[in-house]
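Examination of the molecular architecture
Here's the letter readout for the chains.
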Amino acid sequence: MGFKLFNSHSRSLETFEPIKTPFVGIYICGPTVYGPPHLGHVRGPIVFDVMRRYLKHMGYKTRFVRNITDVGHLVNDADSGDDKLAKQAQLEQVEPMQIAQTYTEKYNWAMRKVNVLAPDIEPRASGHILEQIAMIKQLLDQGYAYEVDGDIYFEVSKYAKTHDYGKLSGRVLEDLMDGAGGEARALDGQDKKKNAVDFALWKKASAEHIMQWESPWGMGYPGWHIECSAMSAKYLGTYFDIHGGGMDLLFPHHEAEIAQSKAACGQDPAKYWVHHNMITINGQKMAKSLNNGITVEDLFTGKSHLLEQAYSPMTLRFFVLQAHYRGTLDFSNAALQASEKGLKRLLEAAELSQSLAPKPTNNYEVQKIEDAILASMNEDMNTPQVIAHLFEAARITNSANGGQIDLNQNNIDKLQYIFKTYAFEVLGILSEEKNDSNMLDGVIQMLLNMRKEAKANKDFALSDKIRDDLSALGLKIKDSREGTTWSK
RNA sequence: GGUCGGAUGGCCGAGUGGCUAGGCAAGGGUCUGCAACACCCUCUACAGCGGUUCGAAUCCGCUUCCGACCUCCA
């Protein structure tokens with residue numbers, strides 16, 4: 001039984017077969033680093049992290065590439081030339097690269113927190129201008145692109161004559177050309193293009209534009225779509241295994257990538273296109289305009305009007321994996337709290353499984369849990385089902401501990417293996433260290449209170465022991481008229 | 001307006017024709033010095049209306065509601 005994945009391109013479940021076993025190339029569209037990472041930024045990385053871990057578990061050798069978009073794409077097509085990064089930079093009076101650096105760092109901090117493995121290669125768009133220019137040249141040579149006043153556009157209508165533009169996202173070119181909605185948007189700059197559906201490969205930069213590079217067409221900067229095409233081709237080749245991203249990237253981004261790659265290299269860049277769904281809050285996508293965004297940092301600290309408490313990174317990861325990746329996932333405090341408690345139960349059972357005493361008799365075959373887990377993973381990465389099966393393992397562990405069922409050594413070993421392999425290695429759920437400094441303060445204060453009571457009872461042996469033991473741990477205890485204080 | 005997707009018990013969320021996913025919450029019980037934990041039991045839902053079928057949450061049609069994309073977006 002093979003690993004099945006839903007391929008957005010064919011809109012069907014396909015059995016995964018690498019192009020060249022045992023190697024698997026994966027490209028994920030990374031973030032545009034112009035703001036702090038929010039809840040939505042975290043879902044894709046977690047989903048594809050589990051995919052990567054599972055492929056590894058199956059024995060494949062993966063190369064995982066996730067880019068950083070630090071060039072910035074257009075604010076909109078009508079824009080006079082500011083890109084997203086530059087715009088933010090002007091507001092804050094700092095270099096665009098500083099913005100990119102800051103938020104790249106925050107993004108990767110969030111990734112580490114939720115235990116997403118670092119990519120094998122993390123290319124930056126700004127470091128691959130040459131590759132992008134080369135690809136644009138190719139497209140010009142092939143006749144699929146044209147220059148207008150320093151801008152280069154991809155000619156969609158020409159490409160569509162011989163290729164199926166719109167297949168991935170289910171668009172019909174004629175509909176797109178008619179313009180969306182009752183009234184076509186009047187975008188300035190739009191008149192430069194031969195057709196509104198054409199997209200920019202290169203944009204001319206005005207003199208005051210901060211981020212710009214030299215090109216055969218003058219000073220400018222690359223369009224958004226070309227960067228992923230250029231970087232994926234460089235590190236994974238012109239035909240690789242899996243291309244992933246959010247469903248919101250289906251159009252135009254991924255449609256454009258396919259068009260560029262087919263026009264320039266003659267083939268689809270990826271064998272499997274995998275898209276995850278969005279995180280919603282109260283049924284709606286997070287958006288700045290709705291003021292319903294929650295940053296990852298907010299979630300960990302609990303500082304947001306939308307949060308009733310702080311949630312741990314692993315709670316977030318577990319929450320994400322409790323839903324299937326292709327469905328929307330609705331955020332709420334109640335849902336996070338449910339995940340928090342469920343995760344705790346699972347982790348405690350996993351720990352308990354380490355100390356189960358074997359019985360001579362056995363009346364539960366643990367193997368069927370692993371079989372079920374594998375079947376669920378193979379069915380388009382059904383992580384919620386995998387978790388349900390892990391809860392069965394937890395129940396069995398607790399029952400064995402309570403004496404309700406008997407497990408022999410083999411089955412206990414298997415139970416431990418299941419937690420280690422599937423909960424920890426594949427799903428990437430870690431037990432979190434409870435080294436919260438607030439807790440430490442509380443514990444020390446508690447000991448000092450006990451010491452105070454001992455002194456009041458004239459139990460000086462106990463009070464001295466508490467002080468000496470704390471001192472041995474490197475904590476200084478000072479008694480004064482006002483009371484007792486401590487320091488490290 | 002176009003395209004696509006969705007509506008599952010108090011909440012989150014699996015499930016593409018028959019075998020009550022799972023977690024959380026709630027109620028009852030066992031255990032327990034008290035409590036917590038754990039275990040057992042209970043709550044058996046599929047937007048509405050028709051249709052197909054021996055049998056439908058699952059297939060078909062209609063209706064209502066919601067969302068996403070069509071412009072940057074994870």
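Note that the structure is predicted; figures quoted are calculated from it, not measured. (Residues numbered from 1 in each chain as written. Chains lettered and ligands numbered in written order. Predicted model: local features only at pLDDT ≥ 70, side-chain atom pairs only at ≥ 80, totals over all residues. Heavy atoms only, no water.)

Digging into the domain arrangement of chain A
In plain terms, the rule: Throughout the structure description, domain borders are defined by an automatic or database domain assignment. Only heavy atoms matter for contacts: two residues are in contact if any of them lie within 4.5 Å across the pair. By buried area we mean how much accessible surface two parts lose on assembly, using a 1.4 Å probe and totalling the loss over both. The term salt bridge refers to a pairing of a side-chain nitrogen on Lys or Arg with a carboxyl oxygen on Asp or Glu at a separation within 4 Å. Whenever a nitrogen or oxygen atom comes within 3.5 Å of another N or O atom, the pair is scored as a polar contact, on the condition that within protein one atom can donate a hydrogen and the other can accept it, and that pairs from neighbouring residues in sequence are kept only if both atoms are in side chains. Only DSSP runs of H or I covering at least 4 residues are called helices, and only runs of E covering at least 2 are called strands; the numbering of each starts at the N terminus. Under the scheme applied here, ten amino acids are nonpolar (Ala, Val, Leu, Ile, Met, Phe, Trp, Tyr, Cys and Pro), four are charged (Asp, Glu, Lys and Arg), and all others, including Gly, are polar.
According to the domain assignment, chain A consists of domain 1 (4-276), domain 2 (281-426) and domain 3 (437-487). The interface of domain 1 with domain 2 comprises 31 residues on the first partner and 36 residues on the second. Summing both partners gives a buried area of about 2,900 Å² for domain 1 against domain 2, and 67% of it is carried by carbon and sulfur. In terms of surface lost to domain 2, no three residues of domain 1 exceed Leu39, Arg43 and Tyr54, which account for 26% of the buried area on that side. The interface formed by domain 1 and domain 2 contains two salt bridges. Counting across the domain 1 and domain 2 interface gives 13 residue pairs in polar contact (both at pLDDT 80 or more). Elements with a minimum of two residues in the side of domain 1 that touches domain 2: β1 (4-7), α1 (39-57), α3 (96-113) and β10 (270-276). With 11 residues, the top contributor of residues to the side of domain 1 that touches domain 2 is α1. Here the side of domain 1 that touches domain 2 is composed, by residue class, of 20 nonpolar, five polar and six charged.

Description of the nonpolar core
Put simply, the rule reads: Each nonpolar core is a collection of buried residues, namely Ala, Val, Leu, Ile, Met, Phe, Trp, Tyr and Cys, held together in the definition by side-chain atoms within 4.5 Å. Accessible area is worked out with a 1.4 Å probe on protein chains only. A residue is then buried under 20% of its type maximum, exposed over 50%, and partly exposed in between.
By size, the foremost hydrophobic cluster in this structure holds 77 residues, and its most contacted members are Phe16, Leu55, Ile242, Leu299, Phe331, Leu390 and Leu407. Broken down by element, the residue count for this core peaks at nine residues, all from α1. A domain-level breakdown of this core finds at least three residues from each of domain 1 (4-276) and domain 2 (281-426). Setting aside residues up to four positions removed in sequence, phenylalanine 331 forms contacts with Leu39, Ile279, Thr280, Ile281, Asn282, Ile294, Leu299, Leu306, Leu307, Phe319 and Leu336. Counting 42 residues, the second-largest nonpolar core is a separate cluster that includes Met135, Phe154, Leu249 and Ala264.

Describing the packing of aromatic side chains
Two descriptors summarise a pair of aromatic rings, namely the distance from one centre to the other and the angle between the planes of the rings. The test is simple: Between 30 and 60 degrees the pair is tilted, below 30 it is stacked and above 60 it is edge-to-face, where a pair is any two Phe, Tyr or Trp rings, Trp via its six-membered ring, whose centres lie within 6.5 Å. A ring is scored as having a charge over it whenever the NZ atom of a lysine or the CZ atom of an arginine sits within 6 Å of its centre and within 35 degrees of its normal.
Within this structure, the stated rule accounts for 15 aromatic pairs. Aromatic side chains phenylalanine 3 and phenylalanine 16 sit 6.2 Å apart centroid to centroid with 65° between the ring planes, which places their arrangement in the edge-to-face category. Separated by 13 residues along the polypeptide, phenylalanine 3 in the segment before β1 and phenylalanine 16 in the loop between β2 (12-15) and β3 (23-28) bring together distant segments of the chain. The burial state of phenylalanine 3 is the same as that of phenylalanine 16; both residues are buried. Seen from their ring centres, tyrosine 417 and tyrosine 422 are 6.3 Å apart, and the 85° between their planes marks the pair as edge-to-face. A residue is classified by how much of its surface remains accessible, and tyrosine 422, at 2% relative accessible area, is buried. One aromatic cluster is present, built from ring pairs that chain together Phe3, Phe16, Tyr54, Tyr60 and Tyr272. If you follow lysine 158 out to its NZ or CZ, it ends over the ring of tyrosine 144, 5.9 Å from the centre.

What to know about α3
Formally: A helix is expected to span 1.5 Å multiplied by its residue count minus one. Here, the arc refers to the directions that run from the helix axis to the C-beta atoms.
Taking 1.5 Å per residue as the helical rise, α3 with its 18 residues ought to reach 26 Å, and the 26 Å between its terminal C-alpha atoms agrees with that figure. Where α3 is concerned, the buried positions are Pro96, Ile99, Ala100, Tyr103, Thr104, Tyr107, Asn108, Ala110 and Met111. Viewed along the axis of α3, the buried residues span an arc of 150°, placing them on a single side of the element. At the C-terminal side of α3, asparagine 115 shows a positive phi close to 65°.

Brief notes about the packing of helix α12 (residues 367-378) against helix α14 (residues 409-426)
Put simply, the test is: Only C-alpha atoms enter the line fits that serve as axes; for helices the fit covers just the stretch in contact. Angles between N-to-C directions range over 0 to 180 degrees. Orientation labels follow simple angle bins: below 35 degrees gives roughly parallel, above 145 gives roughly antiparallel, 65 to 115 gives roughly perpendicular, and whatever is left gives oblique. It is the rotation of the near helix from the far one that decides the hand of a crossing: anticlockwise by less than a right angle makes it left-handed, clockwise makes it right-handed.
Here α12 crosses α14 at 20°, and the two axes come no closer than 9 Å. Classed by the angle they form, the pair α12 and α14 counts as roughly parallel. The hand of the α12/α14 crossing is left-handed. Counted together, Gln367, Ile369, Glu370, Ile373, Leu374 and Met377 of α12 and Asn411, Lys414, Tyr417, Ile418, Tyr422 and Val426 of α14 form the full contact between these two elements. Along the lines of polarity and charge, the residues of the contact of α12 with α14 split into eight nonpolar, two polar and two charged.

Brief notes about the sheet that holds strand β13 (residues 329-331)
Convention followed: Between any two strands, pairing holds if DSSP finds at least two bridges.
Spatial strand order, β12-β11-β13: three strands in an open sheet with mixed pairing. Whereas interior strands pair on both sides, the edge strands pair on one side only; in this sheet they are β12 (284-285) and β13. When strand β11 (residues 279-281) meets β13, the two strands line up parallel, connected through three bridges. Its bridge partner lying in β13, isoleucine 279 is registered against leucine 329.

Notes on the pattern of salt bridges
According to the stated counting rule, one finds 24 salt bridges in the structure shown. The shortest N-O distance in the salt bridge between lysine 262 and aspartate 268 comes to 3.9 Å. Judged by relative accessible area, aspartate 268 falls into the buried class, the value being 16%. Ionic pairing is found between glutamate 370 and lysine 414, a salt bridge with its closest N-O pair at 2.7 Å. Of the two residues, glutamate 370 sits in helix α12 while lysine 414 sits in helix α14, which places them 44 residues apart along the sequence.

Comments concerning the state of the cysteines
Selection rule: Pairs of cysteine sulfur atoms within 2.5 Å are identified as disulfides in what follows.
What the rule picks out here adds up to zero disulfides. Free cysteine: cysteine 265, not disulfide-bonded; nearest cysteine sulfur from cysteine 228 at 14 Å.

What to know about a nonpolar patch on the surface
To keep it simple, the criterion reads: To count toward a patch, a residue needs a relative accessible area over 30% and no salt bridge; like charges are then connected within 9 Å, while nonpolar side chains (Val, Leu, Ile, Met, Phe, Trp, Tyr) are connected within 5 Å. Note on areas: Shrake-Rupley with a 1.4 Å probe; residue coverage comes only from the protein chains shown.
Nonpolar side chains collect at one region of the surface, where Val443, Met446 and Met450 lie side by side and expose about 270 Å² of accessible area between them. Tracing the chain through its elements places valine 443 in helix α15 (residues 437-456).

Thoughts on the sheet that holds strand β7 (residues 199-204)
Here four strands make up an open sheet; going across it, the order is β5-β6-β7-β8 and the pairing antiparallel. One side of each edge strand has no neighbouring strand; the edge strands of this open sheet are β5 (145-148) and β8 (220-222). Adjacent strand axes in the sheet meet at a mean angle of 20°, parallel and antiparallel pairs treated alike.

Topic: the environment of alanine 118
Within the secondary structure layout, alanine 118 lies in the loop between α3 and α4 (129-142). C-alpha of alanine 118 to C-alpha of arginine 52: the two residues are 66 residues apart in sequence and 11 Å apart in space.

Looking at helix α7 (residues 224-236)
Three or four residues apart is the spacing at which side chains of an α-helix point the same way, because the helix has 3.6 residues per turn. In a regular helix each residue adds 1.5 Å, so 13 residues correspond to 18 Å; α7 covers 19 Å between its end C-alpha atoms and thus fits that length. Most of α7 is tucked away, with 10 of its 13 residues classed as buried. A positive phi of about 95° marks glycine 237, the residue just after α7.

Concerning the confidence of the model for chain A
The condition that has to hold: How sure the predictor is of each residue is captured by pLDDT, a score from 0 to 100.
Taken over all residues, the pLDDT of chain A has a mean of 87, while the share at 70 or more is 91%. Low pLDDT, under 50, characterises residues 73-81; the stretch is placed with 20 contacts to residues that sit more than four places away or in other chains. Of the regions scoring below 50 in pLDDT, residues 179-188 engages in five contacts with residues more than four places distant in sequence or in other chains.

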